[in-house]
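# Report on the structure
Chain residues, written in single-letter form:
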Amino acid sequence: MKLISKYAGSKRRILENYGSLFIPANKFDCFVDMFAGGLAVPAFIRKHFPNVRIVANDNNKELMFMYSQLRNNTDDFIKTFQDIEKTYLALPAGPRGPRKEFYYSVRNKYLFDNTKTPVEEAVYLLFMLKTCFNGIWRAYAFADFRFSAAAGEGKEKSLGSQNLLEFADFLKTIELVDDDWKNVPYSNTTFFYADPPYFDTSINYESNNDRPFQLDLLDYLNDRANEGHLVATSNYEMTETLWNKHLPSCSIHKIDISHNAKRGTTKAKTTEVLVRNF
């Protein structure tokens, strides 16, 4: 199954190379992704654990609304998306041509048209995620901190409407929650995974990424570990003292990754960690 959009911070590539680190030997009856984003990890867990309860939470209400519309109004969503895909792909390709103008016309409808239907609102967001610059989520003050990224290169040959039905079927097997991570429901034997905005990140996330937030999250995971649950979290590589202090029952696994830099013209290498108690 293909994910329906790129998403900054997605674990898709990491799962392709380090997926075994995300598979506990211990049994669990529930998986909770506390910062689900593009749903790469819930999709991975569903593939390997077809019968467990999966709770995908993200406090980004726009994103979760989009998923819920695809799940609950699948046929209408796909038809509406196919219409906008057909119109966009019929335009000449290129970063400064009509596709860019079309992108901004859709963005204006998404932000300011009060007559759009819920399905149209969700489809507009998915279209922008597929065609904005590098698929990066941005929220600016002029749009009341709603999604408003710049247009991309306009070179797409397909927007992936053929993948929506399979993804909708996947969404129907999980629970979607748009709440604070502390309020996410879980079961007796749960695998908690947290992929928060990273320490000292320069990316303009809407959610909090300051140090008190990060330490509060680590202490929450440690409390769940002490109750007998499985826990794991991703972040930048930092001093092991931090992890040993706040998650003393966990081991640290280093993961080398590369990502686009300088507007996608070069690859930058960095090291992340997966901290887990299994």
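Refer to the structure presented above.
Below is a summary of the structure that appears in this document.

Rules behind the numbers
- Residues numbered from 1 in each chain as written.
- Predicted model: local features only at pLDDT ≥ 70, side-chain atom pairs only at ≥ 80, totals over all residues.
- Heavy atoms only, no water.
- Core = buried A, V, L, I, M, F, W, Y, C linked by side-chain atoms within 4.5 Å.
- Buried < 20%, exposed > 50% of the residue type's maximum accessible area, 1.4 Å probe, protein only.
- Contact = heavy atoms within 4.5 Å.
- Axes fitted to C-alpha atoms, helices over the stretch in contact; angles between N-to-C directions.
- Helix = DSSP H or I, 4+ residues; strand = E, 2+ residues; numbered from the N terminus.
- Parallel < 35°, antiparallel > 145°, perpendicular 65-115°, else oblique.
- Left-handed = near helix turned anticlockwise from the far one by under 90°.
- Nonpolar A, V, L, I, M, F, W, Y, C, P; charged D, E, K, R; others polar.
- Salt bridge = Lys/Arg side-chain N within 4 Å of Asp/Glu carboxyl O.
- Pairing = 2+ DSSP bridges.
- Phe/Tyr/Trp six-rings, centres within 6.5 Å; stacked < 30°, edge-to-face > 60°.

### Details of the nonpolar core
Among the nonpolar cores identified, the biggest contains 66 residues, and M66, Y67, F127 and F147 are the most heavily contacted of them. With residues near it in sequence (within four places) discarded, Y67 still touches I4, G37, G38, L39, F167, L171 and L176. Formed by 23 residues, the second largest nonpolar core is a distinct cluster that contains W181, V231, L242 and V275.

### Quick notes on the packing of helix 3 (residues 61-72) against helix 6 (residues 118-131)
For the pair helix 3 and helix 6, the least separation of the axes is 9 Å and the interaxial angle reads 115 degrees. It follows that helix 3 is roughly perpendicular to helix 6 by the angle criterion. Considering how the two elements wind past one another, helix 3 and helix 6 form a crossing that is left-handed. When helix 3 is examined against helix 6, the residues E62, L63, F65, M66 and Q69 are found in contact with a partner set consisting of P118, V119, E121, A122, L125, L126 and L129. Residues of the contact of helix 3 with helix 6, tallied by class, amount to nine nonpolar, one polar and two charged.

### A word on the pattern of salt bridges
Applying the stated criterion across every chain, the model contains 10 salt bridges. With a shortest N-O distance of 3.0 Å, D195 and K11 are connected by a salt bridge. Of this pair, D195 sits in the loop between strand 6 (190-194) and helix 8 (211-226) while K11 sits in the segment before helix 1 (12-18), and the two are 184 residues apart along the sequence. The exposure class assigned to D195 is buried, which follows from its relative accessible area of 14%. For K11, a relative accessible area of 4% corresponds to the buried category. E121 serves as the salt-bridge partner of R146, at 3.5 Å between the closest nitrogen and oxygen. Placement of the pair is R146 in strand 4 (residues 146-147) and E121 in helix 6, with a sequence separation of 25 residues.

### Observations regarding the pairing of strand 1 (residues 30-33)
Of the two faces of strand 1, the one holding C30 and V32 and the one holding F31 and D33 are both buried throughout. Relative to strand 2 (residues 53-57), strand 1 runs parallel, the two being bridged by four bridges. Residue pairing in the sheet places D33 in a bridge with A56 of strand 2. Two elements, strand 1 and strand 6, share four bridges in a ladder whose sense is parallel. Bridge pairing links D33 to Y193 in strand 6.

### Some remarks on the packing of aromatic side chains
Here the structure, examined in full by the defined rule, presents 19 aromatic pairs. Between the aromatic rings of W137 and F147, the centroid separation amounts to 4.9 Å while the plane-to-plane angle is 65 degrees, which identifies the pairing as edge-to-face. Note that W137 is positioned in the loop between helix 6 and strand 3 (139-140) and F147 in strand 4, a separation of 10 residues in sequence. Here the two residues W137 and F147 agree in accessibility, since each one is buried.

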